[in-house]
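# Topology and contacts: notes
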Amino acid sequence: MRIALFGYGRMGKMIEQAALNRNHNIVAKIDIDTKEIDFSSFDVAIDFSMPTAAYGNITKCLENNVPIISGTTGWLDNYDKAVSLCKEKEGAFIYASNFSLGVNVFFELNEYLAKMMKNLKQYNVSMEEIHHTQKLDAPSGTAITLAEGVINNSDYTKWKLDESGDNQIPITAKRIEAVPGTHTVAYNSDIDSIEIKHTAHNREGFALGAVIAAEWILGKKGNFTMRDVLNLG
């Protein structure tokens, strides 16, 4: 499989190694200074670029009939437009806030727990995410996905960074050197607490998941998620 990388920072380099380990070819490394792109030279694109560049990269790939995998967060105001364009062009697109296989299982566990806790009003939910100091957005896309998973399966209606309120999930975001990513969902009452937690030991799992998603999407048309890739739903 011929892969183009949109963004060649730390994650791009890790995706390159994961792809090479699975006998794929990296045929293009596209960064902010790239002037011309030969879309016919690759089978699939993986985008881990800047939030300001992601939507443009996705649009270009869909317009050129190239399947695109995006793990960039911080651009989701344009997500619905990307989905509409994918449908219009009969393209193939996967966005995930986190491509780690373990995190996507964690997403499913989070939704299941939210359903169980819905009628136990004595518990209040809160979330914490910890990432490395180079992470630009807060809260993380993964934390937002977790919050949306609770909202869709409970009476909570919104989330807020560092702020609690009625029907509102507070999310605490911490930035600590060399932390790949830790996410905790806690249900607290006056008498006890219930927590689920995912801790990434390194970033290799994110890269591997992105490559697996790229392998899966070849030959398909539509807008997909990692739930489709992993057959979780």
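Fair warning: this is a prediction, and the values are worked out from it, not measured in the lab. (Residues numbered from 1 in each chain as written. Predicted model: local features only at pLDDT ≥ 70, side-chain atom pairs only at ≥ 80, totals over all residues. Heavy atoms only, no water.)

## Some points on the packing of aromatic side chains
A ring pair, where both rings are aromatic, is described by two values, the distance of the centres and the angle of the planes. We apply this condition: Between the rings of Phe, Tyr and Trp (Trp by its six-membered ring), a pair exists once the centres lie within 6.5 Å; its type follows the angle of the planes, with under 30 degrees stacked, over 60 edge-to-face, and the other angles tilted. Elements are defined by DSSP. Helices are runs of H or I of four residues or more, strands are runs of E of two residues or more, and each kind is numbered from the N terminus. With a 1.4 Å probe rolled over the protein chains alone, any residue whose accessible area is under 20% of its type maximum counts as buried; one over 50% counts as exposed, and the rest are partly exposed.
Applying the stated rule across the entire model yields 7 aromatic pairs. Ring geometry for Phe48 versus Phe99: centroids 6.0 Å apart, planes at 55 degrees, classification tilted. Pair noted here: Phe48 is in the loop between β3 (44-47) and α2 (51-63) and Phe99 is in the loop between β5 (92-95) and α4 (101-117), with a separation of 51 residues, a long-range link. Each member of the pair, Phe48 as well as Phe99, carries the same accessibility label: buried. Grouped by ring-pair contacts, the aromatic residues Trp75, Tyr79, Phe93 and Tyr95 constitute a single cluster.

## A short note on the sheet that holds strand β11 (residues 222-224)
What counts is decided by this rule: Pairing between two strands requires that DSSP report at least two bridges joining them. For helices, the axis comes from a line fit to the C-alpha atoms of the stretch in contact; other axes are also lines fit to C-alpha atoms, and the angle between any two N-to-C directions lies between 0 and 180 degrees. Here, residues are in contact when the closest pair of their heavy atoms is within 4.5 Å.
In space, the 6 strands of this open sheet follow the order β2-β1-β3-β4-β5-β11, with parallel pairing throughout. For this open sheet the edge positions go to β2 (25-30) and β11, each flanked by a neighbour on one side alone. Ignoring which end each strand starts from, the neighbouring axes of this sheet average 20 degrees apart. Note that β3 and strand β4 (residues 68-70) share 3 bridges and pair parallel. When the sheet's bridge partners are listed, Asp47 is paired in β4 with Ser70. Across the sheet, α2 touches β1 (2-6), β3, β4 and β5, and the angle it forms with β4 is around 165 degrees. Lying over the sheet, helix α3 (residues 79-89) contacts β5 and β11, oriented at roughly 155 degrees with respect to β5.

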